[in-house]
Amino acid sequence: AESDADDVPVEDADDAFSDVALPETGVLFLGGHPNLIKKLKQIYPDWTYLGLKDIAQMRVDRSVGLCYIWSKHLSHTAMQMVTRNVRGEYPTVYLEATNLNRLEVEMREGYAAIANNVDNVAAV
C-alpha cells in the first residue's frame, strides 16, 4: 500500500516546515562541500562549521545543542575529532540535499522532528 505522504507535492512538503525557525546559535554543521558551507555561513553566521580543514577548532572542548551532519563530504578524522571533543548528548540530523533550498527544508524538518520528540517526552 502506498502512503499518503507519497501523494504530497514537493512544494507542499516544503511549505509544511517553512514556519520552523532554526536556532541561531549552538549548532554544529559537520561536513559539506566548501561552496555549500560558504552559502550557509551567510545565512547562519553564528553556527560552527567543521570539515577537515577546520579540524584544529575541534581540539577545544565545546558543547553543542544540535548537530547537522552532511556526511557525503566528511572525513572520518573530522567525525572522530567531534566525537572526542563535544561534551554531553546532543540531537543529530543527517542531511543529503545539495540544493540550498532543499537543504533548508531538510534542516527544518529534522529540527521539527527533534522538537516534537522533546515535547512528547516532556508530556509523558
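Residues numbered from 1 in each chain as written. Predicted model: local features only at pLDDT ≥ 70, side-chain atom pairs only at ≥ 80, totals over all residues. Heavy atoms only, no water.

### What about the environment of Thr 92?
Alright, step 1. The residue Thr 92 is located in strand β6 (residues 92–94) in this model.
Alright, step 2. Beyond its immediate stretch of four places on either side in the chain, Thr 92 contacts Cys 67 and Ile 69. (Helix = DSSP H or I, 4+ residues; strand = E, 2+ residues; numbered from the N terminus. Contact = heavy atoms within 4.5 Å.)

### Brief notes about the pairing of strand β4 (residues 66–70)
Alright, step 1. A large share of β4 lies buried, amounting to five of its five residues.
Alright, step 2. Both faces of β4 are covered, namely the face carrying Leu 66, Tyr 68 and Trp 70 and the face carrying Cys 67 and Ile 69.
Alright, step 3. Of the pairings in the sheet, the one linking strand β1 (residues 27–31) to β4 comprises five bridges and is parallel in character. For Leu 30, the partnering residue across the bridge sits in β4 and is Ile 69.
Alright, step 4. When β4 meets β6, the two strands line up parallel, connected through three bridges. Residue pairing across strands places Cys 67 opposite Thr 92, the latter belonging to β6. (Buried < 20%, exposed > 50% of the residue type's maximum accessible area, 1.4 Å probe, protein only. Pairing = 2+ DSSP bridges.)

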